[in-house]
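Structure assessment
If you want the building blocks of each chain, they are given just below.
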Amino acid sequence: MLFEFLKYLQPTHYFQLLDKNGVSVYPLATKLPDTILNQIVKDSNYQSSQSIDYDLSWQAIQNGYISDITTYSSFEKLPVVDNYRFIRKNFHSAWVFYVLVLRLLSLHNPITEITGWLKTRHVKRMSINPIKQEDNWKQLKSNLLEEAPKVSVIIPTLNRYDYLKDVLRDFEQQDYGNFEIIVVDQSDDFNTSFYADFKLDIQLIRQEEKALWLARNTAIQSSKGELIALSEDDVRIPTDWISSHLKCLEVYGVDISAGVFYPEGQSIPKERSFFAVAYQFATGNAMLYKSVFERVGLFDRQFEKQRMGDGEFGLRVYLEGIKSISNPIASCIDVKAGVGGLREMGSWDAFRPSNFFAPRPIPSVLYFFRRYFGNYRARLALLRTVPISIFPYQFKKNRPLLALGILLSALLLPIVCYQVFRSWYLSTKKINEGPLIPKLK
């Protein structure tokens, strides 16, 4: 990793790992072109010159630098004070204090730690400053759009006809025509006549079992297109959703265009508002070549009725060395339906169980963390996420309530410990059973 302290704050981030070729995502600072260096800030206040270079590399990736230049394959150990300087520049001060406490509790030299923390106390947090690399998006010509390859759009649905109707109407308005929609319907009140009203090439698959990852895998196996577009039944998309994904694949010469979600009534977050190397994969808004599934397999059914199956798939893709681009143009509104889907299976999100005696986090989350990052990183992830998961999902952006959640987690420690131990036990069973990843036939 670039800076050691990232392991406390991003213990299970894709970019913490090297891919199968033994390289990271971070470009060598000495290889960055002047056009990029002129748009980021060289910080000469680090003790180590290597820290200065690593900081430049981090800024380049965070601000959207996309290229094929040589990247780091190993990282040097940096001074403690440089690590504190780095995290102060990139994380809230409360998280910097959190790292200090962890370092002290893990018996690191208290004088070195406190000195490094105090010396950097005046360092200000940096803001996102997107790098300008490309010409105007609208003026870029796409040969792929002119070739018009077949796209298979996949939408699993479960008891959400009212929401599904809206997104299918959006697909009727697409400015790209050569696509099919594969709907895998798991609804209790399955209604074939519902689909007759749409002027779309719909391939309807009835699935009796309520199983999201089975649904997506079945649809991919049944698809006719060279490209797979993944959508959901409770989103809204713009008229150029398909064409924007296609254009991104060609412009950046990549295999995956990872679209951006934003909640209904809001706008795209600033940190997702520009093209960048994607650090996550969401099955509700993405397009990729079908050949990607041939290389890495389909979705792991260990995540059935649970969470983070798309995150696991995205990491498999990253480790294979397949580049994915975060695409803000192919955005979609996340309606967040209160009924249907995984809501009916007892989980609002990955870290908030349906009741006090259910596992926290959802066992599939720990299965994912432990399988790829090991038990130590998984424990760091628990420390990072469990205390702030006490309050409901809807309050997770409210900082005062999150602080209160940390206090409550201490008061509810016995129950929380039970939830975590239960999740760890259930994830162990998953690990022992191994992945359930079908191959694309």
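Before reading on, note that the structure itself is shown above.
To keep things clear, this report deals only with the structure shown in the data block. The residue count restarts for each chain, going from 1 along the sequence in the order it is written. The predicted nature of this model means local features are confined to residues of pLDDT at least 70 and side-chain atom pairs, given and counted, to a pLDDT of 80 or more, with totals for whole chains, interfaces and linings taken over all residues. Note: side-chain values were computed over all heavy atoms of the structure, leaving out hydrogens and water.

Here's the deal with the overall build of the protein
A count of helical and extended segments in the protein gives 15 helices and eleven strands. With a 1.4 Å probe rolled over the protein chains alone, any residue whose accessible area is under 20% of its type maximum counts as buried; one over 50% counts as exposed, and the rest are partly exposed. With 441 residues in all, the protein has 54% of them scored as buried. To be clear on the numbers: accessible area is Shrake-Rupley with a 1.4 Å probe, and residue cover counts the displayed protein chains and nothing else. Total accessible area computed for the protein in this model is approximately 20100 Å², and 53% of it derives from carbon and sulfur atoms. Separation of charge centres in the protein, based on 53 positive and 46 negative side chains, amounts to 8 Å. The helix and strand labels rest on DSSP assignments: H or I over at least four residues marks a helix, E over at least two residues marks a strand, and numbering proceeds from the N terminus. Neither His nor the chain termini are counted; the positive set is Lys and Arg, and the negative set is Asp and Glu. All charge positions are set by atom: Lys at NZ, Arg at CZ, Asp at CG, Glu at CD.

What about the side chain of S243?
Residue position: S243 is located in helix α10 (residues 241-251). A relative accessible area of 10% places S243 in the buried class. Here, residues are in contact when the closest pair of their heavy atoms is within 4.5 Å. Other than its neighbours up to four places away in sequence, S243 contacts L145, D175 and Y176.

Focus on helix α13 (residues 363-385)
For an α-helix the count is 3.6 residues per turn, leaving residues at separations of three or four pointing the same way. With 23 residues, α13 extends just 14 Å between its outermost C-alpha atoms, more than 12% less than the 33 Å of an ideal straight helix rising 1.5 Å per residue. Along α13, the largest kink reaches about 130° and is centred on F373. Burial analysis of α13 places 17 of its 23 residues in the buried class, which makes it a mostly covered element. Here the expected length of a helix is defined as 1.5 Å per residue gap, with one fewer gap than residues. Take the seven residues that end at a residue and the seven that start at it, fit an axis to each, and the angle between those axes is the bend at that residue.

A few points about the nonpolar core
Buried Ala, Val, Leu, Ile, Met, Phe, Trp, Tyr and Cys residues form a nonpolar core when they are joined through side-chain atoms within 4.5 Å. Judged by nonpolar contacts, the single largest core of 120 residues is most densely connected at V151, F171 and I242. With sequence-adjacent residues up to four places away left out, V151 is seen in contact with Y176, N178, F179, E180, L227, A229, I242, L246 and M287.

A look at the packing of α13 against helix α15 (residues 413-433)
Relative to each other, α13 and α15 sit at 120°, their axes nearing to 8 Å. When the interaxial angle is binned, α13 and α15 end up oblique. Considering only the axes of α13 and α15, their crossing is left-handed. When α13 is examined against α15, the residues P363, S364, L366, Y367, R370, N375, A378, R379 and L382 are found in contact with a partner set consisting of V420, S423, W424, L426, S427, T428, K430 and I431. Every axis in this analysis is a line fitted to C-alpha atoms, fitted for helices over the stretch in contact. Angles between the N-to-C directions lie between 0 and 180 degrees. Roughly parallel means an angle under 35 degrees; roughly antiparallel, over 145; roughly perpendicular, 65 to 115; everything else is oblique. Here is the rule for handedness: rotate from the far helix to the near one, and if that takes an anticlockwise turn smaller than a right angle the crossing is left-handed, while a clockwise turn gives right-handed.

Focus: the state of the cysteines
What counts as a disulfide here is a pair of cysteine sulfur atoms lying within 2.5 Å. Taken as a whole, this structure holds zero disulfides when the rule is applied. Free of any disulfide, C332 has its nearest neighbouring cysteine sulfur in C248, separated by 15 Å. Taking the relative accessible area as the measure of exposure, C332 reaches 2% and is therefore buried.

Thoughts on the environment of I61
Mapped onto the secondary structure, I61 falls in helix α3 (residues 49-62). Since its relative accessible area comes to 5%, I61 is described here as buried. In sequence terms I61 and V25 are 36 residues apart; their C-alpha atoms lie 8.0 Å from each other. Those residues in contact with I61 that sit more than four places away from it in its chain are F15, V25, Y26, P27 and V277.

Brief notes about unusual backbone geometry
The peptide bond linking R360 to P361 adopts the cis configuration, its omega dihedral lying at -5°. Mapped onto the fold, P361 is located in the loop between β11 (352-353) and α13. For A148, which is not glycine, the phi dihedral falls at a positive 55°. For A148, the position within the fold is in the loop between α7 (143-147) and β1 (151-157).

Description of the packing of aromatic side chains
Ring pairs are drawn from Phe, Tyr and Trp, using the six-membered ring of Trp, whenever the two centres fall within 6.5 Å, and their geometry is named by plane angle: stacked under 30 degrees, edge-to-face over 60, tilted for the rest. One pass over the full model with this rule turns up 32 aromatic pairs. Relative to F86, the ring of W58 has its centre 5.0 Å away and its plane inclined at 80°; by these criteria the two rings are edge-to-face. Of this pair, W58 sits in helix α3 while F86 sits in helix α4 (residues 80-90), and the two are 28 residues apart along the sequence. Take W58 and F86: they sit in the same class, and that class is buried. Members of the aromatic cluster, each reached through a chain of ring pairs, are F3, Y14, F15, Y26, Y46, Y54, W58, Y72, F75, F86 and Y318. Definition used: whenever NZ (Lys) or CZ (Arg) falls within 6 Å of the ring centre and also within 35 degrees of the ring normal, the charge is taken to sit over that ring. A cation sits over an aromatic face here: R85 above Y46, 5.8 Å from the ring centre. It is R384 that lies over the ring of W95; its NZ or CZ is 3.7 Å from the centre.

Function cannot be read off these values alone, since they describe shape.
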